[in-house]
Amino acid sequence: MGAWLQLASPLTAEIMASAGFDWLMIDMEHAPGDILTLVSQVQAISSTDTVPFARAPWNDAVIIKRILDTGVAGVLIPSVNTPGEAEKAVSACKYPPQGNRGVAGSHRAAGFGQEAVSYLESANDETLVITAIETPMAADNLVDILSVQELDGIFIGPMDLASSMGHLGNPGHPEVQALISRIEERVLDAGKILGTTTTPEHAKEKYDRGYQMLMLMSDSVSLASLARKTISDFERYTGN
């Protein structure tokens, strides 16, 4: 049970983590934050049992390295369409010999040098690597993508997938839903983690279909929705 953090705010990170989500995905793709705001959000989450993850802005080894150095437990990497791109994503997250992540013991994830040895010994095993399926090309290549070693899971991005199929903003289109069903089947057959966005009302249905990671809300969208509802309720009750 998780949610997006898209306001680049340590305050909303603290609020959401204190509410009891299992994990939170700090968005570096569509949110306005930078590495320093990511650090502050991870710090805000660290006083709770909630696990921090981050969505990288792109499949870029330099960016992914800096994200992991902040101490997040894993990354969601967008727009991975081929097995080669999946291998690149995994390599960016793993220290040699499994990958090419730059080695340092001075960053926050390694306790600023105080826990460097233990972090370096455990990071490859404990860093979750998930890639997003957002295009028909990725779906066509999914079997080969899933065969990439150390790739832990797949996140289905329904809005991007729908748009790339010619159904902009309409993930409920039958063609999109049919493709999502095929993606689900292949991911589960491979024994990988399956994630997507949904609502609390549909969470049990998703879990019953085999999903393990569900995004239930976003600090930005949910606040905007609550604000609009509050104004609507005010107008209805007062007649103004």
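Cut-off values and rules
- Residues numbered from 1 in each chain as written.
- Predicted model: local features only at pLDDT ≥ 70, side-chain atom pairs only at ≥ 80, totals over all residues.
- Heavy atoms only, no water.
- Helix = DSSP H or I, 4+ residues; strand = E, 2+ residues; numbered from the N terminus.
- Pairing = 2+ DSSP bridges.
- Axes fitted to C-alpha atoms, helices over the stretch in contact; angles between N-to-C directions.
- Contact = heavy atoms within 4.5 Å.
- Buried < 20%, exposed > 50% of the residue type's maximum accessible area, 1.4 Å probe, protein only.

Q: How should unusual backbone geometry be read in this particular structure?
A: A cis amide bond links P96 to the next residue, P97, at an omega of 10 degrees. A positive phi angle, close to 55 degrees, is found at A8, a residue other than glycine. Tracing the backbone shows A8 in the loop between β1 (2-5) and α1 (10-19).

Q: Can you help me understand the sheet that holds strand β2 (residues 23-27) in this one?
A: Paired through backbone hydrogen bonds, the strands of a sheet run either parallel or antiparallel to each other. Pairing in this closed barrel of 8 strands is parallel, and the strands run β1-β2-β3-β4-β5-β6-β7-β8 around the ring. Going from strand to strand, the sheet's axes swing by 25 degrees on average, the running direction of each strand aside. Direction of pairing for β1 relative to β2: parallel, over a ladder of 4 bridges. Across the sheet, the residue bridging to A3 is L24, located in β2. This element, α1, spans β1, β2 and β8 (213-218) of the sheet and lies at about 175 degrees to β1.

Q: I would appreciate a short explanation of the pairing of strand β6 (residues 153-156) in the present structure.
A: Burial along β6 is two-sided: G153 and F155 facing one way and I154 and I156 facing the other are all buried. Relative to β6, strand β5 (residues 128-133) runs parallel, the two sharing 4 bridges. Its bridge partner being in β6, T131 is matched across the sheet by I154. Two strands pair when backbone bridges link them, and β6 and strand β7 (residues 193-197) are joined in this way by 4 bridges, in the parallel orientation. Within β7, the position partnered with I156 by the bridge is T196.

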